[in-house]
Amino acid sequence: MLQTEESRPTFGSRLGIIFATVGSAIGLGNIWRFPYMLGSNGGAAFLLIYLLCALLLGLPVMMAEFYIGRHSKRNAVGAFKVIAPDKKWSIIGYNGMLAAFFILGFYFVIAGWTLEYVFQALTGSLGDKSAAEFRVEFSNFSSGLFRPILWTLLFIGFTHYIIMTGVKNGIERSSKFLMPLLFVILIALCIRSLTLPGAMTGIDFLFKPDFSKINSSVLLSAMGQAFFSLSVGMGCLITYASYFDVKTHLQRTAFEVTAIDTLVAVLAGIMIFPAVFSFGIEPTAGVELVFITLPNVFSQLPLGALWACFFFLLLAVAALTSTISLHEVVTAYLHEERYITRKRAAVYVSLGVTVLAVLSSLSFGIMKNFTFFGLTFFDLLDYVTTKLMLPFGGMLICIFTGWYIDKNVLKAELTNRGTVPFYLFRLYRFLLKYIAPVAIALIFLNELGFVNFLKSL
Ligand code: TRP
């Protein structure tokens, strides 16, 4: 049964809204992907561009998604059908649906890895080894056949279960307690990392930009990372905002979510890079960077296994609140637009994603040499979503909200019908109409080699 407007669930409280949205934003993107992207893209220069992208592209798109979602009270495809009679705009929603599928297809693999590390910490097999040994252990595990797949399936099962128990009970309650705890443990690990011998080399790497490192691929990577980390560009936050109530302060929520998400990414950098240099790990190690660095940090701590267990458990929870948000996008769409029960919708999504996730997991092992355009299946899903689909979706969302939507309607929604001020509304609309779409287009064209504005820098 389709819910009527009145019975459509909403998030329970202001704090609940923040936690659920922050829960979507904070995840493996901040703690696993951000450090490894930064490490492979030259360090501090990447951070700088990342921050610019988050502020000038991510935040405006987030606010636009909030507007679209709350105004329409629909899923990511339905929202456009309600707001824009011109059907072609729902392409943004379809692009998002597909992106959600693909993202889950690789995200669940890494999420599964976090469970393996919880398990290893619990059973005492993480232990005190050299950096090289941790690396070998990791590569033996990730290239294995059954073990990583089992953890991934378990993770898909958890996500499925929470999606089934509904928005308020499932999503909101699970975000509320554990996010603050993750924050505390992150700070403690930053302190440990900063007091390691040679920590300053890592801090320099993270904060002292070398501008000669900036090239087209760094720009595209930083932009993609900003969209990915903030959960924008594919309608995830349209779906969440459709559960916001009329009093939710959209501007403030967007600011808070962007600020917290960025802070967590920077903290993750402070936790990882001093340790990377202190233990002589290559910052360019790639997907495994966090998984080979952190065990070294834990082995230097009293009660290291306990810390490790806590940390990876919290990371798993952070990943879970993100996978829930991605799963919800597709489930809500199937349920509301295709008129099938929520239960059945969720089953379809979980099964479809399982196929992709198994292939992704195998691409670290037996399917390693099975590449498309030089990318493994895992890397392909990551590339297509973060570097193409999210920025493309973000660009269309800016164009839609900036050009197609009447500015009074937009302003009314973002100011809760004039009850809260929006001092920079004109600047905001200018960003949406001109700056953001042009910047995204230029970064695309630059990467494709059609324009090369970096040469002239
Ligand atoms: N932002 C999440 C993370 O950092 C991942 C995520 C959740 C996401 N929902 C999304 C990414 C929607 C892109 C779009 O881990």
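Now for a quick tour of the structure. (Residues numbered from 1 in each chain as written. Predicted model: local features only at pLDDT ≥ 70, side-chain atom pairs only at ≥ 80, totals over all residues. Heavy atoms only, no water.)

Further remarks concern the overall build of the protein chain. Tallying secondary structure elements over the protein chain gives 18 helices and zero strands in all. Relative to its length of 457 residues, the protein chain is compact, with a C-alpha radius of gyration of 21 Å against a globular reference of 23 Å. Projected onto its principal axes, the C-alpha coordinates of the protein chain cover approximately 60 × 55 × 40 Å. Counting only residues that meet the buried cut, the protein chain has 61% of its 457 residues in that class. Long-range pairs, those at least 24 residues apart, make up 81% of the contacts in the protein chain between residues at least 6 apart in sequence. (Helix = DSSP H or I, 4+ residues; strand = E, 2+ residues; numbered from the N terminus. Rg over C-alpha atoms; globule rule 2.2 N^0.38 Å. Buried < 20%, exposed > 50% of the residue type's maximum accessible area, 1.4 Å probe, protein only. Contact = heavy atoms within 4.5 Å.)

What follows concerns the packing of aromatic side chains. For the structure shown, the criterion picks out 35 aromatic pairs. Measuring from ring centre to ring centre gives 5.2 Å for F205 and F273, while their planes differ by 45 degrees; the resulting arrangement is tilted. Here F205, found in helix 9 (residues 199–207), pairs with F273, found in helix 12 (residues 250–278); they are 68 residues apart in sequence, far enough to count as distant. Each of the two residues, F205 as well as F273, counts as buried. An angle of 65 degrees between the planes, with centres 5.9 Å apart, marks the rings of F298 and F312 as edge-to-face. With F298 in helix 13 (residues 289–299) and F312 in helix 14 (residues 304–337), the pair connects residues that are 14 residues apart, well separated along the chain. When sorted by exposure, F298 lands in the same class as F312, which is buried. (Phe/Tyr/Trp six-rings, centres within 6.5 Å; stacked < 30°, edge-to-face > 60°.)

Counted by the stated rule, this structure contains ten salt bridges. Note that D204 is salt-bridged to K208, the shortest N-O span being 3.8 Å. For D204, a relative accessible area of 34% gives the class partly exposed. A salt bridge links K213 to D210; its shortest N-O distance comes to 3.5 Å. Relative accessible area serves as the criterion here: at 38%, K213 is assigned to the partly exposed category. (Salt bridge = Lys/Arg side-chain N within 4 Å of Asp/Glu carboxyl O.)

Bringing the site of the ligand into the picture now. Every one of the 17 residues lining the ligand counts as a neighbour, but A25, G29, Y107, F228 and S231 are closest to it. Within the backbone of G29, one N or O atom sits 2.8 Å away from an oxygen atom of the ligand. Between the ligand and the protein, one listed contact pairs a nitrogen atom with a backbone N or O atom of F228 at 2.8 Å. Contact with the protein chains covers 100% of the free accessible surface of the ligand, which is 360 Å². Those elements giving two or more residues to the shell around the ligand turn out to be helix 1 (14–25), helix 2 (28–40), helix 5 (91–122), helix 10 (216–230) and helix 14. When the residues that make up the shell around the ligand are grouped by side-chain class, the tally is nine nonpolar, eight polar and no charged. (Near = heavy atom within 4 Å. Polar contact = N/O pair within 3.5 Å; in protein donor to acceptor, adjacent residues only side chain to side chain. Areas by Shrake-Rupley, 256 points an atom, 1.4 Å probe, with all protein chains shown as cover. Nonpolar A, V, L, I, M, F, W, Y, C, P; charged D, E, K, R; others polar.)

Given a rise of 1.5 Å per residue, 24 residues ought to cover 34 Å, and the 33 Å separating the end C-alpha atoms of helix 18 (residues 425–448) matches this to within 8%. A maximum bend of about 45 degrees is found in helix 18 at L431. Among the residues of helix 18, those classed as buried are F425, Y428, R429, L431, L432, K433, A436, P437, I440, I443, F444 and N446. Of the surrounding secondary structure, the elements contacted by the buried residues of helix 18 are helix 3 (44–72), helix 10, helix 16 (377–404) and helix 17 (407–414). (Expected span 1.5 Å × (residues − 1). Bend = angle between axes of the 7 residues up to and from the residue.)

Below, the discussion takes up the side chain of T21. Note that T21 resides in helix 1. Exposure remark for T21: the relative accessible area of 0% places this residue in the buried category. Other than its neighbours up to four places away in sequence, T21 contacts F66, L237, Y240, F244 and V257.

Our next topic: a nonpolar patch on the surface. A cluster of nonpolar side chains, F177, L178, L181, L303, L306 and F310, forms an exposed patch at the surface whose accessible area comes to about 620 Å². Secondary-structure assignment places L181 in helix 8 (residues 167–194). Take L181: its relative accessible area is 41%, and that puts it in the partly exposed class. (Patch = residues over 30% accessible without salt bridge, like charges linked within 9 Å, V, L, I, M, F, W, Y side chains within 5 Å.)

Before going further, it helps to examine the packing of helix 2 against helix 12. Helix 12 packs onto helix 2 with a crossing angle of 65 degrees between their chain directions and a minimal axis gap of 9 Å. As helix 2 packs across helix 12, the resulting crossing turns out to be right-handed. Residues N30, I31, F34, P35, L38 and G39 of helix 2 form the contact with helix 12, whose own contacting residues are D261, V264, A265, V266, A268, M271, I272 and F273. Of the residues contributing to the contact of helix 2 with helix 12, the split by class is eleven nonpolar, two polar and one charged. (Axes fitted to C-alpha atoms, helices over the stretch in contact; angles between N-to-C directions. Left-handed = near helix turned anticlockwise from the far one by under 90°.)

The topology assignment puts A439 in helix 18. Classification of A439 by relative accessible area gives partly exposed; the value is 24%.

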